[in-house]
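So the chains spell out like this:
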Amino acid sequence: MKILVIDGQGGKMGKLIVEGLKKILPEYEIIALGTNSIATSAMLKAGADFGATGENPVVYNSSDADIIIGPVGIIIANSLLGEITPSMALAIAQSRAQRILIPVNRCNNKVVGVKNLPLSEYIGLAIEQVKEIIKEKTGDCKK
């Protein structure tokens with residue numbers, strides 16, 4: 001099971017996702033892909049097993065990922081203050097992976113019909129979704 005966590009800027013969201021996943025699913029490898037080295041470093045410090053930075057790692061790893069997690073902006077070209085290149089957004093959007101996109105209503109992108117929850121609650125919901133996907137695919141998942 002190839003799980004990618006993609007984040008940019010300071011990597012706060014990615015860090016919280018990695019910490020949460022490692023706490024409940026320590027046996028699964030988490031690959032941290034940062035749009036910059038600060039984000040990658042934050043996710044590695046949080047416990048990601050592997051990390052890489054920039055466009056090519058995102059494009060390459062998205063092609064055979066099972067699960068991709070990150071802010072909704074990872075599928076929008078030039079989002080995250082321009083850190084998501086058109087090639088990155090396309091690769092993530094075209095991936096066969098299950099995408100778990102966390103709504104962040106900033107930078108001219110609004111997701112309607114979504115409650116305005118604290119980031120920590122969105123992270124918890126994303127982690128629960130990962131557990132459900134793993135359970136469906138493998139029949140293996142802890143509580």
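You'll find the structure just up there.
Everything in this summary refers to the structure shown in the same document. Every chain is numbered on its own, with residues counted from 1 as its sequence reads. For a predicted model such as this one, the threshold for reporting local features is a pLDDT of at least 70, and the threshold for listing and counting side-chain atom pairs is 80 or more; totals across whole chains, interfaces and linings nevertheless cover every residue. Where side-chain values are given, they derive from all heavy atoms of the structure, hydrogens and water being excluded.

1. So, the sheet that holds strand 5 (residues 98–102)
Move 1: Paired strands are those between which DSSP finds at least two bridges. Secondary structure is summarised from DSSP: a helix means a run of H or I of at least four residues, a strand means a run of E of at least two, and numbering begins at the N terminus for each. Strand order across the open sheet formed by 5 strands is 3-2-1-4-5, with parallel pairing between neighbours. Across the chains shown, the open sheet's two edge strands, defined by having one partner strand only, are strand 3 (50–53) and strand 5. Ignoring which end each strand starts from, the neighbouring axes of this sheet average 20° apart.
Move 2: In this sheet, strand 4 (residues 67–71) lies alongside strand 1 (residues 3–7) in parallel orientation, the contact comprising 3 bridges. Residue pairing across strands places V5 opposite I69, the latter belonging to strand 4.
Move 3: Residue contacts follow a heavy-atom distance rule, with two residues in contact if any of their heavy atoms lie within 4.5 Å. Angles run from 0 to 180 degrees between N-to-C directions of axes, and those axes are lines fitted to C-alpha atoms, restricted for helices to the stretch in contact. Most of the contacts of helix 2 (residues 37–45) go to strand 2 (residues 30–34), to which it runs at about 160°, and overall it touches strand 1, strand 2 and strand 3.

2. Some words on the pattern of salt bridges
Move 1: A pair is scored as a salt bridge if a Lys or Arg side-chain nitrogen falls within 4 Å of a carboxyl oxygen belonging to Asp or Glu. Considering all chains together, one arrives at 6 salt bridges under this definition.
Move 2: Taking the shortest distance from any N to any O, the salt bridge between D64 and K2 comes out at 2.6 Å. With D64 in the loop between helix 3 (55–62) and strand 4 and K2 in the segment before strand 1, this pair connects stretches of sequence that are 62 residues apart.
Move 3: For the exposure calls, accessible area comes from a 1.4 Å probe over protein chains only, and a residue counts as buried if that area is under 20% of its type's maximum, exposed if over 50%, partly exposed in between. The class of D64 is partly exposed, set by a relative accessible area of 38%.

3. As for the environment of I74
Move 1: With respect to the helices and strands, I74 occurs in the loop between strand 4 and helix 4 (79–82).
Move 2: Excluding its chain neighbours within four sequence positions, the residues that come into contact with I74 are I6, I68, I69, S79, L80, I84, M88, A89, I92 and L101.

4. Structural notes on the nonpolar core
Move 1: Core analysis: the largest hydrophobic core is formed by 24 residues, its most contacted members being I3, I17, L21, I67, I69, I102 and V130.
Move 2: Taken together, the elements giving at least two residues each to this core come down to strand 1, helix 1 (12–24), strand 2, strand 4, strand 5 and helix 6 (119–138).
Move 3: Sort the elements by how many residues they give to this core and helix 6 lands first, with 7 residues.
Move 4: Among residues more than four places away in sequence, those in contact with I17 are V5, I69, I102, I123 and I127.
Move 5: Counting 14 residues, the second-largest nonpolar core is a separate cluster that includes I31, L33, A65 and I74. For our purposes a nonpolar core is just a set of buried Ala, Val, Leu, Ile, Met, Phe, Trp, Tyr and Cys residues, chained together by side-chain atoms within 4.5 Å.

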